[in-house]
Amino acid sequence: MNPLLTPTAAVDIDTRWQQIAPDLPAEKVLFSDVIPGGCHWSWMLPRGTTLRLVAQDAGANLSVVLYNARQKLERYNMPDSLKAQHTAHYSRGHVLMSDMGCAMASITADSLGWHDPLGLLLDAPRMRAKYGEHGYQQYRNGMYRSGRDGLLIEIGKYGLTRRDLVAPANFFSKVSVDAEGRFAFHPHHARAGDHVDLRLDMDVIVAVSAAPHPLDPRQDYAPAAVGLTAWRSGPARQDDFCRSFRPECARALHNTDMQYLA
């Protein structure tokens, strides 16, 4: 196993986690950070790590994609996850499944009850048409960033390309579907302090972008920051809530467990 996937001590730890996730035991915290609005980042993290994601302001959106760190051909699959769990949104108990029927991550805590898997990503042409041109040459760190470009930059660090980019899960955003199949974005869904815990059920590459949701009707480019704390929670136990949430979740978690018998 890649030694990077077996952390033995907390790294890059500072007092930020005490504001982002003050209830977590200090000895289990691995690192903490704040993703500024519009920015992007990625990590290679081991099975049994949980990411606490916290909206720092109202209207946050965090687009997340997942890849198996041991075998990058396996990655998060939105259609299979929704079909298997008979849902069109994510909340506590749901599992983000791979295209091979395995659990990649599970939502173990959630203050919102609805996260969007359908709305895809803000791309550069749509961003420029909606918000105008704010390039790096003139605005430096104040440049506008699209979710699609941000995630392409992040997955490129691991040898993945445009063809490997999958539809993300958009945490903190709510998109409902009416009887005619039309999407409706709910602009006042997330509040400052809302949080979600995402337990990683296998060794994964996690890439995130805090760019605006593509359906967000706000005309100003003002994406909210998202706080993040990684901590050792351990893998799903036999009495885990997500394992008993649906039979399909139990099967996906079992399929992942079978990869870690040694």
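Details of the structure are given in the entry above.
Conventions used here
Residues numbered from 1 in each chain as written. Predicted model: local features only at pLDDT ≥ 70, side-chain atom pairs only at ≥ 80, totals over all residues. Heavy atoms only, no water. Helix = DSSP H or I, 4+ residues; strand = E, 2+ residues; numbered from the N terminus. Rg over C-alpha atoms; globule rule 2.2 N^0.38 Å. Contact = heavy atoms within 4.5 Å. Areas by Shrake-Rupley, 256 points an atom, 1.4 Å probe, with all protein chains shown as cover. Lys, Arg positive; Asp, Glu negative; His and termini not counted. Charge placed at Lys NZ, Arg CZ, Asp CG, Glu CD. Core = buried A, V, L, I, M, F, W, Y, C linked by side-chain atoms within 4.5 Å. Buried < 20%, exposed > 50% of the residue type's maximum accessible area, 1.4 Å probe, protein only. Pairing = 2+ DSSP bridges. Axes fitted to C-alpha atoms, helices over the stretch in contact; angles between N-to-C directions.

If you tally the helices and strands in the chain, you get seven helices and twelve strands. Relative to its length of 262 residues, the chain is compact, with a C-alpha radius of gyration of 18 Å against a globular reference of 18 Å. Projected onto the principal axes, the alpha-carbon positions of the chain cover approximately 55 × 45 × 35 Å. Restricting the contact set of the chain to residue pairs at least 6 apart, pairs at least 24 apart contribute 77%. Total accessible area on the chain stands at roughly 12,000 Å², and carbon and sulfur atoms take up 53% of it. Distance from the positive charge centre (28 side chains) to the negative charge centre (28 side chains) of the chain: 2 Å.

Grouped together as the largest cluster of nonpolar side chains are 54 residues, with contacts concentrated most on Leu53, Tyr76, Phe171, Phe172 and Val206. Formed by nine residues, the second largest nonpolar core is a distinct cluster that contains Ala84, Met97, Ala252 and Leu253.

For the rest of this paragraph, the subject is the sheet that holds strand E5 (residues 95–97). The strand order E1-E12-E3-E10-E6-E5 describes an open sheet built from six strands, whose pairing is antiparallel. What marks the edges here is a single partner per strand, and that holds for strand E1 (29–35) and E5. Averaged over all pairs of adjacent strands, the angle between their axes in this sheet comes to 20°, without regard to strand direction. Pairing of E1 with strand E12 (residues 226–232) involves six bridges; the strand directions are antiparallel. Of the residues in E12, the one forming a bridge with Phe31 is Ala230. Packed onto the sheet, helix H7 (residues 247–257) meets E5, strand E6 (103–110) and strand E10 (195–200) and runs at close to 60° relative to E5.

As a further point, take the environment of Ser91. Tracing the chain through its elements places Ser91 in the loop between helix H2 (78–85) and E5. Residue class for Ser91 comes out buried when judged on its relative accessible area of 14%. Once the C-alpha coordinates of Ser91 and Arg145 are considered, the two residues, 54 residues apart in sequence, prove to be 27 Å apart. Apart from the residues lying within four places of it in its own chain, the contact partners of Ser91 are Ile107, Asp110, Gly113 and Trp114.

The buried count for strand E3 (residues 49–55) comes to seven of seven residues, which makes it a mostly enclosed element. For E3 and E12, the ladder comprises seven bridges, and the chain directions are antiparallel. By the bridge assignment for E12, Thr50 is matched with Trp231. Relative to E10, E3 runs antiparallel, the two being bridged by five bridges. Each residue of the ladder has a partner; that of Val54, found in E10, is His195.

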